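The chain contents come next:
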Amino acid sequence: MRPALLGKPLAAGNILCQACGHFCRLSPGARGRCQVRANEGGQLVSLVGYRVAALHVDPIEKKPLFHFLPGTTTLSLGTQGCNFHCHFCQNWSLSCVRGPIQGDEVDPAELAQAARRLDCASVAFTYSEPTVFLELVVATADQCRQHNLATVLVSNGFQSPQALKLLDGRIDAANIDLKAGSEDFYRNICGGRLVTVQKNLVAMRRMGWHVEVTTLIIPGHNDSDAELTSIARFLAQELGPHTPWHVSRFHPCHQMPHVPPTPRATLLRARDIGRAEGLHFVFVGNVREAGLEDTLCPGCGHTVIRRLGFHVTEMALRDGACRHCGQAIIAPPSRSLP
Ligand code: SF4
């Protein structure tokens, strides 16, 4: 347990947690909706603190980030806990907290040193929801700056404005879930709000982060033409046509064991809708099939990054631009990175 950031004392020993859009009001002894931030004796504390429950070296393509430091690896870590309760959670053993907090205490400075030693170009805060372990994100990101490591956030995008301010200047790239195009889906299936996520996506882009977006396509829930069009239109118009959109296959799990996996045809329909709305880069994820996750140059149509699974097999870029026609593909990072 550690003191938590963004607690605001209220009357009668209550505390307001300002880390995410839920803004939980916690009476003494109470936990927030995420189950890992609590009011202990009038102080906001993080029950996970620096206790990491998952730690791996992953290809950055696994986050997925396709246009940020492609072909590199990232030291990826997460604690228990999440501020959403998605019925389709693909990582529920980590996001749902039952019983004592699991994980091993880490030292943020040692994490950054380990990332360097393991030849990673970045550290990624991922697996569960980084907003609920904000203290570890901030401390580790500061260490990453000292070691010239990039930082990556994989998130549901439900931060409070106060949390985003803390992350400004500490995060370089993000993959944000845009889970649906309707408030009903967010409210009934995730326990969140679409409008907050949309606002945060725009704010992240304004802060200079490289942003990619993922939508898990769930048959019968968010796969209508209207819903997919609404998501794609928002991305193209508010974040720009260069925003990579990952449309990803759902596999039955957690509270949706009876929903079938997403048909390939649905994923291709989502891709076509994204392209029709003007997005240059739409990738079909969780389907191991050559060609569905390649980057094609929007200028000349050549394949400029070829991938299979999480691995880059060929790159035809020069200084982030297409080697054939010079079209910019990958925006330069906002600061000098490895
Ligand atoms: S992080 Fe969000 S869900 Fe957790 S206590 Fe704070 S406001 Fe509530």
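Scroll up for the structure.
So, here's what we can say about the structure. Predicted model only: the values in this text are computed from it and were never measured.

### Here's the deal with the packing of aromatic side chains
Turning to step 1, where the next piece is worked out: A complete count under the given rule lists 4 aromatic pairs for this structure.
Turning to step 2, where the next piece is worked out: Aromatic side chains Phe-84 and Phe-158 sit 5.1 Å apart centroid to centroid with 55 degrees between the ring planes, which places their arrangement in the tilted category. Of this pair, Phe-84 sits in the loop between strand E9 (73-78) and helix H1 (92-95) while Phe-158 sits in the loop between strand E12 (150-155) and helix H4 (161-167), and the two are 74 residues apart along the sequence.
Turning to step 3, where the next piece is worked out: Overall, the relative accessible area of 0% leaves Phe-158 in the buried class.
Turning to step 4, where the next piece is worked out: Members of the aromatic cluster, each reached through a chain of ring pairs, are Phe-84, Phe-158 and Tyr-186.
Turning to step 5, where the next piece is worked out: The ring centre of Tyr-50 lies 3.7 Å from the NZ or CZ of Arg-2, which sits over that ring.

### Regarding the sheet that holds strand E4 (residues 25-26)
Turning to step 1, where the next piece is worked out: Strands sit in the order E2-E3-E4 across an open sheet of 3 strands; the sheet is antiparallel. Both edges of this open sheet fall to strand E2 (7-9) and E4, since each of them pairs with a single strand only.
Turning to step 2, where the next piece is worked out: In this structure, strand E3 (residues 15-17) lies alongside E4, joined through 2 bridges in antiparallel fashion. By the bridge assignment for E4, Leu-16 is matched with Arg-25.

### Focus on the packing of helix H6 (residues 194-206) against helix H7 (residues 225-239)
Between two packed helices, both the angle of their axes relative to each other and the distance between the axes serve to describe the pair.
Turning to step 1, where the next piece is worked out: Direction vectors running N to C along H6 and H7 enclose 35 degrees, while the axes themselves pass 11 Å from each other. Where H6 crosses over H7, the two elements pack in a sense that is right-handed. Seen from H6, the contacting residues are Gln-198, Leu-201, Val-202 and Arg-205; seen from H7, they are Phe-234, Glu-238 and Leu-239.
Turning to step 2, where the next piece is worked out: Among the residues making up the contact of H6 with H7, the classes are represented as 4 nonpolar, 1 polar and 2 charged.

### What about unusual backbone geometry?
Turning to step 1, where the next piece is worked out: At the junction of Lys-63 and Pro-64, the peptide bond is cis and its omega measures out at -10 degrees in the coordinates.
Turning to step 2, where the next piece is worked out: Unusually for a residue other than glycine, Phe-23 sits at a positive phi of about 45 degrees.
Turning to step 3, where the next piece is worked out: Among the secondary structure elements, Phe-23 is positioned in the loop between E3 and E4.
Turning to step 4, where the next piece is worked out: The exposure class assigned to Phe-23 is partly exposed, which follows from its relative accessible area of 32%.
Turning to step 5, where the next piece is worked out: With a phi close to 75 degrees, Tyr-127 is a non-glycine residue in the positive phi region.
Turning to step 6, where the next piece is worked out: When its relative accessible area of 19% is taken as the criterion, Tyr-127 is described as buried.

### Comments concerning the pattern of salt bridges
Side chains that differ in charge, positive against negative, can pair when their charged atoms come close.
Turning to step 1, where the next piece is worked out: Scanning the entire structure with this criterion turns up 14 salt bridges.
Turning to step 2, where the next piece is worked out: A salt bridge links Asp-58 to Lys-62; its shortest N-O distance comes to 3.9 Å.
Turning to step 3, where the next piece is worked out: Here Arg-170 ties to Asp-142 by a salt bridge, and the two come within 2.8 Å at their closest N and O atoms. Of the two residues, Arg-170 sits in the loop between H4 and strand E13 (173-177) while Asp-142 sits in helix H3 (residues 134-146), which places them 28 residues apart along the sequence.
Turning to step 4, where the next piece is worked out: Residue class for Arg-170 comes out partly exposed when judged on its relative accessible area of 21%.
Turning to step 5, where the next piece is worked out: Residues joined in a network through salt bridges with shared partners are Asp-58, Lys-62 and Lys-63.

### Overview of the packing of helix H2 (residues 108-117) against H3
Turning to step 1, where the next piece is worked out: Here H2 crosses H3 at 50 degrees, and the two axes come no closer than 8 Å. Put simply, H2 runs oblique to H3. Helix-helix and strand crossings are classified by hand; for H2 and H3 the assignment is right-handed. Each of Pro-108, Ala-109, Leu-111 and Ala-112 in H2 lies in contact with H3, whose residues at this interface are Leu-136, Ala-139, Thr-140, Gln-143 and Cys-144.

Scoring rules and cut-offs
- Residues numbered from 1 in each chain as written.
- Predicted model: local features only at pLDDT ≥ 70, side-chain atom pairs only at ≥ 80, totals over all residues.
- Heavy atoms only, no water.
- Phe/Tyr/Trp six-rings, centres within 6.5 Å; stacked < 30°, edge-to-face > 60°.
- Helix = DSSP H or I, 4+ residues; strand = E, 2+ residues; numbered from the N terminus.
- Buried < 20%, exposed > 50% of the residue type's maximum accessible area, 1.4 Å probe, protein only.
- Lys NZ or Arg CZ within 6 Å of the ring centre and 35° of its normal.
- Pairing = 2+ DSSP bridges.
- Axes fitted to C-alpha atoms, helices over the stretch in contact; angles between N-to-C directions.
- Left-handed = near helix turned anticlockwise from the far one by under 90°.
- Contact = heavy atoms within 4.5 Å.
- Nonpolar A, V, L, I, M, F, W, Y, C, P; charged D, E, K, R; others polar.
- Salt bridge = Lys/Arg side-chain N within 4 Å of Asp/Glu carboxyl O.
- Parallel < 35°, antiparallel > 145°, perpendicular 65-115°, else oblique.

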